Amino acid sequence: MNLPDRWREVYGLAVRFADEIAALPEVCTCGDAAAHLVGRCRCCAGHTAEASTHPGGGTCSSTLAELKADFSVLCEDLGRFTRPSDGEAAGEMGLEVRRGVFMALSDLRQIANDLDRASESVVGFLRTCAMADLSRLKHHAAALRTHVERVDPRLRAG
């Protein structure tokens, strides 16, 4: 699979995850954080259109782990893309293309930070079922979406 196709898959997963988190109700009175995160607790009745459809039926934690792995691989692949191969001079790859890839790598590192923060918030919410942790998760999921949308045009063009 080429880099733009891989990015489209990762982008779609990140956007779906952020949308699902945004759709969760702000309040969880049932105390079942795991069910709340997938939209299946009594607090979510009437708030979410349907239960979460994390890929493969996974949880927030497993979806975030998948995203983190995919972003790490994508960053590594993009890093390799910017280094000339044995017979290729660095100048043969246009400066504009290399600049765009380096800028995307910087943004992807920020996305990786967003994923780490979202993961920490999931763990906190699962442990405490505290609204402060849920609010942090919603904030970090929104930041994740903002960053992937900013990177998307650069990587689709490449």
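As shown above, the structure is provided for reference.
Residues numbered from 1 in each chain as written. Predicted model: local features only at pLDDT ≥ 70, side-chain atom pairs only at ≥ 80, totals over all residues. Heavy atoms only, no water.

(A) How the structure looks around the overall build of the chain. Scanning the chain for helices and strands turns up 5 helices and 0 strands. In the chain, the order of α-helices and β-strands from amino to carboxyl end is α-α-α-α-α. The buried share of the chain, taken over its 158 residues, is 44%. Within the chain, counting contacts between residues at least 6 apart in sequence, those at least 24 apart form 68% of the total. Summed over its atoms, the accessible surface of the chain is roughly 8300 Å², and 52% of this surface lies on carbon and sulfur atoms. (Helix = DSSP H or I, 4+ residues; strand = E, 2+ residues; numbered from the N terminus. Buried < 20%, exposed > 50% of the residue type's maximum accessible area, 1.4 Å probe, protein only. Contact = heavy atoms within 4.5 Å. Areas by Shrake-Rupley, 256 points an atom, 1.4 Å probe, with all protein chains shown as cover.)

(B) Expanded view of unusual backbone geometry. A positive phi is found at Cys129, a non-glycine position, where the angle reads about 55°. Within the fold, Cys129 resides in the loop between helix H4 (95-128) and helix H5 (131-157). Residue Cys129 is classed as buried on the basis of its relative accessible area of 15%.

(C) Broad picture of the side chain of Asp152. Turning to its location among the elements, Asp152 is positioned in helix H5. Of note is the side chain of Asp152, whose polar atom sits 2.7 Å from the side chain of Trp7. Sequence-distant contacts of Asp152, that is, excluding residues within four places in its chain, are made with Trp7 and Tyr11. (Polar contact = N/O pair within 3.5 Å; in protein donor to acceptor, adjacent residues only side chain to side chain.)

(D) View of the packing of aromatic side chains. Following the criterion strictly, the structure yields 2 aromatic pairs and no others. Taking the centre distance of 6.0 Å and the plane angle of 45° together, the rings of Trp7 and Tyr11 count as tilted. One end of the pair, Trp7, and the other, Tyr11, are both in helix H1 (residues 3-23), 4 residues apart, so they sit about a helical turn from each other. Each member of the pair Trp7 and Tyr11 is classed as buried. An aromatic cluster of three or more residues is present, and its members are Trp7, Tyr11 and Phe71. (Phe/Tyr/Trp six-rings, centres within 6.5 Å; stacked < 30°, edge-to-face > 60°.)

(E) Quick peek at the nonpolar core. Judged by nonpolar contacts, the single largest core of 41 residues is most densely connected at Trp7, Phe17, Leu67, Phe71, Leu108, Ile111 and Val148. Among the elements of the structure, H1, helix H2 (33-37), helix H3 (60-82), H4 and H5 are those that each provide at least two residues to this core. (Core = buried A, V, L, I, M, F, W, Y, C linked by side-chain atoms within 4.5 Å.)

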